[in-house]
Amino acid sequence: MLTILSNPLSPRLASLCDRLWFLKCRSRSSTCCSLSQEPNYQSLSRRNLVYVLVSSPCLFATLPSSAKTKSKSPYDERRLLEQNKRIQRENNAPDEFPNFVREGFEVKVVASDNYIKADSGLIYRDFSVGQGDFPKDGQQVTFHYIGYNESGRRIDSTYIQGTPAKIRMGTNALVPGFEMGIRDMRPGGRRRIIIPPELGPPVGPSTFFSSKQFEVFDVELVSIQNCERRTIGFYSDVTCN
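A brief look at the structure comes next.

Scoring rules and cut-offs
- Residues numbered from 1 in each chain as written.
- Predicted model: local features only at pLDDT ≥ 70, side-chain atom pairs only at ≥ 80, totals over all residues.
- Heavy atoms only, no water.
- Helix = DSSP H or I, 4+ residues; strand = E, 2+ residues; numbered from the N terminus.
- Buried < 20%, exposed > 50% of the residue type's maximum accessible area, 1.4 Å probe, protein only.
- Contact = heavy atoms within 4.5 Å.
- Polar contact = N/O pair within 3.5 Å; in protein donor to acceptor, adjacent residues only side chain to side chain.
- Phe/Tyr/Trp six-rings, centres within 6.5 Å; stacked < 30°, edge-to-face > 60°.

Some details on unusual backbone geometry
- Residues other than glycine seldom take positive phi values, yet Asn-92 does so here, at roughly 55°.
- Examined against the element boundaries, Asn-92 turns out to sit in the loop between helix 4 (74-90) and strand 1 (99-103).
- Judged by its relative accessible area of 66%, Asn-92 is exposed.
- Phi angles above zero are rare outside glycine, and Glu-96 is one such case at about 55°.
- Here Glu-96 shows up in the loop between helix 4 and strand 1.

Quick look at the structure:
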């Protein structure tokens, strides 16, 4: 809102007009408090004064900002948390499943201290460590998994399919966050992986995922196999033992 001042001018405003007149005399590109070369404060009309206040860039550079930012109240956060817990109970989410407080595109993950957050943003928890070496690029991993969305609803499971998944590491065949989550697992290990949207799967009608959300996977690493390329004549493939 712009406030219109009346004459006579206050000392503070007169000082401002002096400054504006000086800038005009130097640059010849700004509007002065008067149409003459000498400032005449008492004869300044309201229309000219308003024009000066609006058109002067040096004035607006010093005006304080009055913009307000919206803050989330603790009550709203508790309400959203309880809503997510209720939905997860209805979807029969597993025990100690993480909660998600979502408001628009802002999401807060609420989990117990047993979860670890990596620098990449990946969150995980080990239920069983397993034994042996970690998988390396080029090796094939065999694993079971159950995938959930933020509501705790199951979206996929190799246990229901009856066959574990097999994939070679380092071939970009897995969701980025999923491959990060199993890189330091050992055979026999069981882990829950919470994948943020930036490390998550692609979104679209050809996938299980319809929006940019956190995804949760319970993973059991069954085994790790070494692989080698085999070439017979014009035929070449990769075998894993």
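Details of the environment of Ser-112
- Mapped onto the fold, Ser-112 is located in the loop between strand 2 (106-110) and strand 3 (116-117).
- For Ser-112, the contacting residues outside a window of four places in its chain are Glu-96 and Arg-125.

Comments concerning the side chain of Glu-150
- Inspection of the secondary structure assignment puts Glu-150 in the loop between strand 5 (140-148) and strand 6 (154-157).
- Take Glu-150: its relative accessible area is 5%, and that puts it in the buried class.
- At 2.8 Å, the side chain of Glu-150 and the side chain of Arg-102 are in polar contact.
- Ignoring sequence-local partners within four residues, the contact set of Glu-150 consists of Asn-84, Gln-88, Phe-97, Phe-100, Arg-102, Val-107, Gln-213 and Phe-214.

Considering the packing of aromatic side chains
- Counted according to the given criterion, the structure contains seven aromatic pairs.
- Between Phe-143 and Tyr-145 the ring centres are 6.1 Å apart and the planes differ by 40°, which places this aromatic pair in the tilted class. With respect to burial, Phe-143 and Tyr-145 carry one shared label: buried.
- With 5.2 Å between their ring centres and 80° between their planes, Phe-178 and Phe-217 make a pair best called edge-to-face. Note that Phe-178 is positioned in helix 6 (residues 176-182) and Phe-217 in strand 9 (residues 215-225), a separation of 39 residues in sequence. Neither residue differs from the other here; Phe-178 and Phe-217 are each classed as buried.

Keep in mind these values describe shape, not function.
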